[in-house]
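# Report on the structure
Spelled out from the first residue to the last, the chains are:
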Amino acid sequence: MFCRMTVSTRRIAAFLMTLMLFSGMFTACGTVAAPVGSSMGTSDTNAPQASSESASPVTTPEATASTDVASQPVPSPAEPVVRTDYAAFSPNELGRVPVIMFHKFAESFDEVKDKNYTCTFSQFDALLQTLYDADFRLVSMTDWLAGRIAVPAGKKPAVFTFDDGTASQFSLVDANGTLDINPDCAVAHMIAFAAAHPDFGLEGTFYLTLDMGENTFRGAGTLKERLDRLSALGLEAGSHTWGHVDFTAKGTAADIQAALGKNQQAYEKIDPAGMLRTLALPYGSRPKNKDNRPYLAAGEWEGTSYRHDGVLAVGAGPSPMVYDKRFDALYISRVRATGMVGAEADLDWWLSEAGAKTWYVSDGDPETIIVPQGGDENLDEAKSDGFRVVRYEPAVP
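This text gives an overview of the structure that appears in the document.

Criteria and thresholds
- Residues numbered from 1 in each chain as written.
- Predicted model: local features only at pLDDT ≥ 70, side-chain atom pairs only at ≥ 80, totals over all residues.
- Heavy atoms only, no water.
- Helix = DSSP H or I, 4+ residues; strand = E, 2+ residues; numbered from the N terminus.
- Buried < 20%, exposed > 50% of the residue type's maximum accessible area, 1.4 Å probe, protein only.
- Contact = heavy atoms within 4.5 Å.
- Areas by Shrake-Rupley, 256 points an atom, 1.4 Å probe, with all protein chains shown as cover.
- Phe/Tyr/Trp six-rings, centres within 6.5 Å; stacked < 30°, edge-to-face > 60°.
- Pairing = 2+ DSSP bridges.
- Salt bridge = Lys/Arg side-chain N within 4 Å of Asp/Glu carboxyl O.
- Core = buried A, V, L, I, M, F, W, Y, C linked by side-chain atoms within 4.5 Å.
- Polar contact = N/O pair within 3.5 Å; in protein donor to acceptor, adjacent residues only side chain to side chain.

Before going further, it helps to spend a moment on the overall build of the protein. Broken down by element type, the protein carries 8 helices and 16 strands. Across the 397 residues of the protein, 46% fall into the buried class. Across the protein, contacts joining residues at least 24 apart in sequence account for 68% of those joining residues at least 6 apart. Put simply, the protein shows about 19300 Å² of open surface, and 53% of that area lies on carbon and sulfur atoms.

Okay, structure coming up:
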């Protein structure tokens, strides 16, 4: 008879051979977790189904048409697992990812100075909850650029970026001789939210203009102590150029390498082993001469080398995945966090207007790329090398 097994076939074979010694005959059949909505292998209609929340894939061993159990192949421990419930939560790992851009935070808006680039703390708290409720989970810039998204099945990755190194983003205070994180900074609000929602994550990259010196994250402690505390939280630092340079105006090879090499050199004085691995372009500016744009990714200035795995723009939409043909590592799209005045293509607009098929939805396995059948026309075969690509039949609407 046809059988499916959830335990080692060798163990089953040994057990069955023992039965044969006593009875001379046997009949055996195992079970396998059924796909969502099916009744395979059990008549118990209350049996639990595979959960789309779980990051642990469901194995589906191949069926066999032989009663000679001992002759069946033994699955290798390294054999890829295959879920059977993709249609239940519609993963799409060629969807887009919101790389969200923040600048300044405040208790309240200054109606004269603030418009698009300031976020109040209460607004930020509400945004964190909105993202969480919409099934977004934070991932680091490093992991995202590697294409290995470790969020649970059915969840969507988001990347936080912070430009300019302001005190409202992160700073320290002196609490009776102890350096504590300022409760009135964005990082403190992120820590509090992560404590209440551990699965949301605590990730972000802070883009520094180190010509600011000790005014970077201005507050108590030295700049080194501030950056060390930021790193201890698992948060990352990136380059925002030395001098907040507009590369449209200053775009020669020498201009670019000076602005980026000097910023890297300043960072190495604080952390000799450190490397600013990504760059956020001030104003989203690029040199007009396209031949000079590769210097945004790598170059050298006065003996200091720099290399950026990703170069970030200012707007104005969620980014394709790194193994998407449309992904450009030298100009990664970001979404601006909504400020005092909402605008088309800001974050609130995208969360409201984007359809469900816009977003990357994870299958829970960072080693796979899961796409619905017919949805892989933008898959870059070279960039996806090293991943296991799985195409599945989506649910019928």
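From this point, the discussion proceeds with the structure in view.
Now for the packing of aromatic side chains. Within the structure shown, the criterion is met by 21 aromatic pairs. Geometrically, the ring pair formed by Phe102 and Phe124 is edge-to-face, given 5.3 Å between the ring centres and 80° between the ring planes. Highlighted residues: Phe102 in strand β1 (residues 99-102) and Phe124 in helix α3 (residues 121-133), separated in sequence by 22 residues. Between Phe206 and Phe217 the ring centres are 5.9 Å apart and the planes differ by 75°, which places this aromatic pair in the edge-to-face class. One end of the pair, Phe206, is in strand β8 (residues 205-208); the other, Phe217, is in the loop between β8 and α6 (223-232), with 11 residues separating them in the sequence. With relative accessibility at 0%, the residue Phe217 sits in the buried group. Among the aromatic residues, those joined into a ring-pair cluster are Phe102, Phe105, Phe121, Phe124, Phe160, Phe162, Phe170, Phe206 and Phe217.

A separate point is the pairing of strand β11 (residues 298-301). Only one face of β11 is covered, namely the one carrying Gly299 and Trp301; the face carrying Ala298 and Glu300 has none of its residues buried. Here β11 pairs with strand β12 (residues 304-307) via 4 bridges, running antiparallel. Note that in β12 the partner of Gly299 across the bridge is Tyr306. Here β11 folds back onto β12, and the loop between the two strands holds 2 residues, one of which, Glu302, carries a positive phi near 45°.

Across all of its chains, the model carries 11 salt bridges by this definition. Close ionic contact of Glu214 with Arg226 constitutes a salt bridge, the shortest N to O distance being 3.7 Å. Linking Glu214 in the loop between β8 and α6 with Arg226 in helix α6, this pair joins segments that are 12 residues apart in sequence. Exposure remark for Glu214: the relative accessible area of 45% places this residue in the partly exposed category. The partner of Arg307 in a salt bridge is Asp309, and the shortest N-O contact between them spans 2.5 Å. Since its relative accessible area comes to 42%, Arg307 is described here as partly exposed. Taking the relative accessible area as the measure of exposure, Asp309 reaches 34% and is therefore partly exposed. Through salt bridges that share partners, Arg277, Arg307 and Asp309 make up one connected network.

This brings us to the nonpolar core. Counting 47 residues, the largest nonpolar core has Phe102, Phe105, Phe124, Phe160, Phe162 and Phe206 as its most contacted members. Once residues lying within four places of it in the same chain are set aside, the contact partners of Phe206 are Phe162, Gln169, Val187, Phe217, Leu230, Leu235, Glu236, Ala237 and Gly238. Counting 23 residues, the second-largest nonpolar core is a separate cluster that includes Val97, Trp144, Phe327 and Tyr360.

We now examine the environment of Tyr392. Considering the arrangement of structural elements, one finds Tyr392 in strand β16 (residues 388-392). With 18 residues separating them in the primary sequence, Tyr392 and Gly374 have C-alpha atoms 9.2 Å apart. Setting aside residues up to four positions removed in sequence, Tyr392 forms contacts with Tyr86, Ala87, Ser90, Pro91, Ile370, Val371, Pro372 and Gln373. One polar contact links the side chain of Tyr392 to the main-chain carbonyl oxygen of Pro91, over a distance of 2.7 Å.

What follows covers unusual backbone geometry. Cis geometry is found at the peptide bond from Gly315 to Ala316, where omega equals 0°. One can find Ala316 in the loop between β13 (310-312) and β14 (335-336). Positive phi outside glycine occurs at Asp164, with the angle close to 95°. Looking at where Asp164 falls in the secondary structure, it is placed in the loop between β5 (156-163) and β6 (172-175). With phi around 45°, Glu302 is a residue other than glycine that occupies positive phi space. In this structure, Glu302 sits in the loop between β11 and β12.

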